[in-house]
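Residue-level structure breakdown
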Amino acid sequence: MIIALSNETIVMKHIADRIWRDQKLVYIDTASNWQSGDKTWLDSQIWAIKKEYSAFSRYSLEWKTISDFRADLSEYDIIHMWWGQTAYLLHHIMQTWFDSYLKEVLTSKIIIGSSAGAKVLGKNIGHVQALDDFSIADVKDGSALWLLNFDIWAHFWKEKYRKKYNHVLDIAYKNSQSWIYISDNSYIISTELGIEICNV
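Residues numbered from 1 in each chain as written. Predicted model: local features only at pLDDT ≥ 70, side-chain atom pairs only at ≥ 80, totals over all residues. Heavy atoms only, no water.

Time to look at helix 1 (residues 8–18). Where helix 1 is concerned, the buried positions are Glu8, Val11, Met12, Ile15 and Ala16. Buried positions in helix 1, seen along its axis, are confined to an arc of 145 degrees and lie on one side of it. Of the surrounding secondary structure, the elements contacted by the buried residues of helix 1 are strand 1 (2–5), strand 2 (25–28), helix 2 (43–52), strand 4 (78–81), strand 5 (110–114) and strand 8 (186–191). (Buried < 20%, exposed > 50% of the residue type's maximum accessible area, 1.4 Å probe, protein only. Helix = DSSP H or I, 4+ residues; strand = E, 2+ residues; numbered from the N terminus. Arc of directions from axis to C-beta. Contact = heavy atoms within 4.5 Å.)

Dropping the structure here:
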């Protein structure tokens, strides 16, 4: 199962109601590691996860290998990649072979991506250049994980993001790109049965 969302504070309880709370969750914080300093903006997201899943840990991809992932993450049922800089996250996913690890465990674990973590689940993050500075990481052509067969446009209905997205919307339409936008009040669940878009 793969879940893509924009904002934990709004939808995490709804998701937890569908997924057993006694499962162990690890959240990948790499996307938020690209800058130092004040990160209090993440506190509400951490609280939303803690409230629903008491058994959880924090984990960074930097300087790890696929052997580390197999050993360190084996005990967890849910892998949750979250907020921050999308290009930075994708760079470290590819550099450490975390993409290969995710494909190894796709049938045995639940993969959740929120915000930056959701965007990398799709085919490409090129549209995120409207929001993120791609110069901080080598992501080449923006090719993402292809765990979902479309691009994820997170936070789409927030005014500040929608204005930035506008200039790449025309390109997406002209190139017949397949994409799904999710607001902070919605999330996507992908299983072997298909795709479900849920509104809270």
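On we go from here.
Right, let's get into the pairing of strand 9 (residues 194–199). Strand direction decides the pairing type here: strand 8 and strand 9, joined by six bridges, are antiparallel. Each bridged residue has a counterpart across the sheet, and for Ser186 the counterpart in strand 9 is Asn199. Where strand 8 hands over to strand 9, the hairpin turn is made up of two residues, counted between the paired strands. (Pairing = 2+ DSSP bridges.)

Most of helix 4 (residues 86–95) sits inside the fold, with eight of its 10 residues counted as buried. Listed as buried for helix 4 are Thr86, Ala87, Tyr88, Leu89, Leu90, His91, His92 and Ile93. On its buried face, helix 4 sits against strand 4, helix 5 (98–104) and helix 6 (116–119). In this structure Gln85 caps helix 4, since a side-chain oxygen of it lies 2.9 Å from the backbone nitrogen of Ala87. In the stretch just after helix 4, Trp97 is the one whose phi turns positive, near 65 degrees. (Polar contact = N/O pair within 3.5 Å; in protein donor to acceptor, adjacent residues only side chain to side chain.)

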